[in-house]
Amino acid sequence: MGSVSRRGLLAAGAGLLAACGSNTGRGGGSSGSGLVQWYHQYGEAGTEQAVRRYAAAFTKARVSVQWRPGNYDQQTAAALLTDSGPDVFEVDGPTLDQIQGGQVLDLSALVEGVKGDFNPAVLGPKTYRGRVYGIPQVIDTQMLYYRKSLLREAGVEPPVSLDALLDAARALTRGTVKGLFLGNDGGAGVLGGTPLYAAGLRLVTEDGGVGFDEPAAARTLGKLHRLYADKSLLLGAPSDWADPSAFLQGLTAMQWSGLWALPRVREELGDDFGVLPFPGDGVGGRPSVPVGAYGAAVSARSRHKEVAKEYVKWLWVERTDLQQDFALDYGFHIPARVSLARRARRLRTGPAADAVRFATEHGHAQPLLWTPAAQTAYQDALSRIIQGGASPEREVRGVVRKVSEELARVTRKR
Amino acid sequence: MRRTRALWFWVFVGPFALGLALFTYVPLLWSVALGFFDAHNTVTPTHFVGLGNYAAVLRDDAFVGSLETFVVFTAFIVPATYVFSLSLALMVNRVRRARAFFRSVFFLPAACSYVVAALIWKMSIFNGVRSGLANTVLGWFGGEPVAWLAGTDPPWYWLVVVTVRLWLQAGFYMILFLAGLQRIDPVLYEAAAVDGARPGWTVLRHITLPQLRATSVAVVLLLVVNAFQAFDEFYNLLSDARGYPPYARPPLVYLYYTALGQGQNLGLGSAGAVILALVVAVVTVAQARWLGLGRREGDG
Amino acid sequence: MGDGPVRVGRALRLVLLIALALLFLIPFWLLVRNGLAADRDITSAEWSLLPRQVRWSNVREVFGDSSVPFARSLLNSALIAVATTLGTLLLASLAGYGLARIPYRHANKVFYGILGTLLVPAAVTFVPSFVLVSSLGWVSTLRGLIVPTLFSAFACFVFRQYFLGFPRELEDAAQIDGLGYWRTYWLVVVPNARPVFAAVGTIVFLGAWNSFLWPLVIGQDQSAWTVQVVLSSYTTAQVVRLHELFVAAAVSILPLLLVFLCFQRWIVAGVERSGID
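Residues numbered from 1 in each chain as written. Chains lettered and ligands numbered in written order. Predicted model: local features only at pLDDT ≥ 70, side-chain atom pairs only at ≥ 80, totals over all residues.

This paragraph deals with the overall build of chain A. A tally of regular secondary structure across chain A gives 18 helices and 12 strands. For 414 residues, the compact-globule estimate of 2.2 N^0.38 gives 22 Å, and chain A sits close to it at 24 Å. Relative to its 414 residues, chain A shows a buried fraction of 55%. The contacts of chain A with a sequence gap of at least 6 include a subset with a gap of at least 24, amounting to 74%. (Helix = DSSP H or I, 4+ residues; strand = E, 2+ residues; numbered from the N terminus. Rg over C-alpha atoms; globule rule 2.2 N^0.38 Å. Buried ≥ 20, exposed ≤ 12 C-beta atoms within 10 Å, placed from the backbone. Contact = placed C-beta atoms within 7 Å.)

Take the packing of helix H5 (residues 107-116) of chain C against helix H8 (residues 153-164) of chain C next. Residues and elements named next belong to chain C. In contact at an axis separation of 8 Å, H5 and H8 are set at 135° when each is read in the N-to-C sense. The orientation of H5 with respect to H8, classified from their angle, is oblique. Considering the relative orientation of H5 and H8, their crossing is left-handed. Where H5 abuts H8, its residues Phe111, Ile114 and Leu115 lie against Ala153, Cys156, Phe157 and Arg160. For the contact of H5 with H8, the per-class residue count stands at six nonpolar, no polar and one charged. (Axes fitted to C-alpha atoms, helices over the stretch in contact; angles between N-to-C directions. Parallel < 35°, antiparallel > 145°, perpendicular 65-115°, else oblique. Left-handed = near helix turned anticlockwise from the far one by under 90°. Nonpolar A, V, L, I, M, F, W, Y, C, P; charged D, E, K, R; others polar.)

For the rest of this paragraph, the subject is helix H8 (residues 186-194) of chain B. With respect to burial, H8(B) is a largely exposed element, only zero of its nine residues being buried. Following H8(B) by one or two positions, B:Gly196 adopts a phi angle in the positive range, close to 90°.

All names here are of chain A. Within strand E1 (residues 35-40), six of the six residues are buried, which leaves it mostly tucked inside the rest of the structure. Where E1 meets strand E2 (residues 63-68), six bridges bridge the pair, whose relative direction is parallel. In the strand pairing of E2, Leu35 is matched with Val63. Taken together, E1, helix H2 (residues 47-57) and E2 constitute a β-α-β crossover, and its handedness is right-handed. In terms of strand pairing, E1 meets strand E3 (residues 88-91) through two bridges, oriented parallel. Within E3, the position partnered with Trp38 by the bridge is Phe89. (Pairing = 2+ DSSP bridges. Right-handed = clockwise from strand over helix to strand, strands pointing away.)

If you look at the biggest cluster of nonpolar residues, it comprises 297 residues, and the most contacted ones within it are A:Val312 and B:Met174. When residues of this core are sorted by domain, at least three fall in each of domain 1 (31-140 + 292-364) and domain 2 (141-290 + 367-412) of chain A. (Core = buried A, V, L, I, M, F, W, Y, C linked by C-beta atoms within 7 Å. Domains from an automatic or database assignment.)

Residues and elements named next belong to chain A. On domain assignment, one finds that chain A holds domain 1 (31-140 + 292-364) and domain 2 (141-290 + 367-412). Here the C-alpha centroids of domain 1 and domain 2 sit 27 Å apart. Elements represented by at least two residues in the side of domain 1 that touches domain 2 include exactly helix H4 (96-100), strand E6 (135-147), helix H16 (350-362) and strand E12 (363-364). Ranked by the residues each element gives to the side of domain 1 that touches domain 2, the list is headed by H16, at seven residues. A breakdown of the residues in the side of domain 1 that touches domain 2 according to their chemical character gives 11 nonpolar, seven polar and three charged.

Contacts between the two partners involve 28 residues from chain B, matched on the other side by 30 residues from chain A. When the residues that make up the side of chain B that touches chain A are grouped by side-chain class, the tally is 12 nonpolar, 13 polar and three charged.

Residue and element names in this part refer to chain A. For the peptide bond that leads from Gly93 to Pro94, omega is 5°, which places it in the cis range. Turning to its location among the elements, Pro94 is positioned in the loop between E3 and H4. Positive phi outside glycine occurs at Arg129, with the angle close to 50°. Residue position: Arg129 is located in the loop between strand E4 (127-128) and strand E5 (131-132). The phi torsion at Lys231 lies on the positive side, around 60°, for a residue other than glycine. Along the polypeptide, Lys231 turns up in the loop between helix H10 (215-229) and helix H11 (245-248). For Lys231, a count of 15 C-beta atoms within 10 Å translates into the label partly exposed.

Following this line, the structure appears as structure tokens:
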């Protein structure tokens, strides 16, 4: 054995020993002196560095940022059951069960005085009985991207009703190009409640009842199966709806995707694309796009509750400069603060401006009462309707029953 | 003497038993207890509901459906893996040249994780567009591209799920069969040849298979238990950020979404898990009795 | 009965075997092809056997990316897999030997208590296990990643079956020489049981290297990420970093393939002489 490799082995051995001896540099969770903050993994370059920079700029406590890959909801849910979870974390919620279970702190005091500046559509689902449990960070929305040149060639107008969308998708399906891409599962996952809102319905009514116990629901959802049955949908693309690759590579003429895809689409297609909301259907129908916001929440198990709250207030309420940086300089999101959104220059022209308008005029957020169990039941039914060709009436009846049970459960509590 | 032996027994078995008690039995009993409580987002629930969760999970057609999925999956995968890995073993055993090479090639996939295998299957072999390997082959024969994972009629997803598992596991079971084949006394084959039995089917049926009985029993048992525990390939092939389709959803995937995701209905999940474990136990014990596990070659 | 049909049959078998072997190698080929291609080629509309342009730079890219601790994660995985394997072999073989060879009134009860846990899917006990381990303060520590996974009922079962069939003569001789259970085990049994150690060790090593959910949830700190966690990090909320994912996946299975090729003969021997059946 030559001396080089022996030295290499020694170094490796020393590394292993060092790794054995220390734990990984940090005791469990919030037991240390500083705060621990969790983010889910954003795909846009620079975001991670940015949030670490913000954390470092907070002077009252040391904040260590954890950047979590994989299924984020599952990790936060498990971590919140223990003392080794985060102090501050972003969450696609908090969910009603997290609030009712006392897992997250009441943050109402933090937004005192500026509550009106937060977009009400996304603040609403973070509010339970008048108390705010999560501070919206940025607004995300989705919309329909279409390729202007392909529509022109096929002699198709940008569709403004669901029926027109069906016709357009069929007309645009030619050879290897499909008309529409709603995700690899045919739309059940990404569309969620959007078609119901487009039919003039809602997921949950103001007084906590089922919002789609109407014939219109079955009618509209049934049309989604037509898209599938017509073979107008792109299915099984190598990348899913959240990624514009299928659209950009010409596998589809129209694709449902997120606002975050806009910079890449513009870079590759220039002016050859436009955006639309999900078109309305029927007499009471109106266009619709989903809006949602990750919110900053504080864990009830944090050992530094007050500092954690101060930090959240500092970052997500006071430092509007950082909020603007976070929303617009890496990915492409709408600031959660109305005042910031209005000032953002990048959101004032072209498709970006359209997207902001859709979100403001047609945006619907998933209501707090719409629990994961309700969502699963609904999504299963939608999938059976679209892919399985199941009877929409029967499926809707089944979902209505399950969702009413679930609503009864959560409104009974406390 | 008996004392000392007991002491030595625990010296050998104690550390393992202690660890198993702490890291398996404690969570297991805890889990069973959760099944009797309304445990949304908590592992220290206070609201006792008796058998409420059991009633609820049995009423949930998604759970019952997942058990059906398991039955269908088992009906596919157990005979397919059995026949395929046995055939591989028979061929590899008889081949004269490069036996080690073939054995390695068939065994190598066992080193791959389900995550990596599912990635290749989903993105490069069974994607729904023309660039997928399966669709390319179809195209040579003039077929239209098929969205393998995205439709229920016909349920092509079974082809994807079964082939990925076959690729990953066949080699391992082939090794088990090869070991069994090595143990068969060559005298038996010579005697058969003297009796005029033609090599091939007759010999396989009357000598090889009966001699492989113990191996077969073990293989079938392992296959069934593994089918129950199936999770990884289903999850990695079919789930996306928004959830999981209502078809091809085996019990563990159902439990995962009920209890581990944001659903966090730990009471319901635990009740489902207990039912599942009971079903596995009953099936395994029944199967072991029926197939006569424990009898070794020659005893039977 | 001529020689002809036999020879034809043999040739057919060889052809079939070669075809199957090629089929079995295709996924590995695709992994490498995608890993060395540009994203555009991976998702392109046309099938291709080779990437349009072979990009070895992809390999450099995954190792050089400062935001993803790829090299560190390989080290973590190796460390965890080796420690888990050694620990499991020690604990399970001792227990297996005790169960097989030391007469004790309740030995059967203990054995069935161990065997029974095989029927319980790990996912069932996942949340309570996590809460337990975190209440020990083991989150983000190597202890937490390794210790709870050391008690494999499967390994214990295989060892017990193997030792049941182990020739007693050797041990009897040792007993006559005045060696107790402990020294008999170390001086006589272990040296003669290498195949089963190799077989079980390989299976445990594979499982440890490929495990995902436990390291993901326990190894919260980035410095504790394993290679499987890093792989999952290439799939972000918005985009999948395709070529990085594939090239990292290819690199991540290399150590396993090596372990496998080296130990294959032992595995076969171990299986042959163990009580897996």
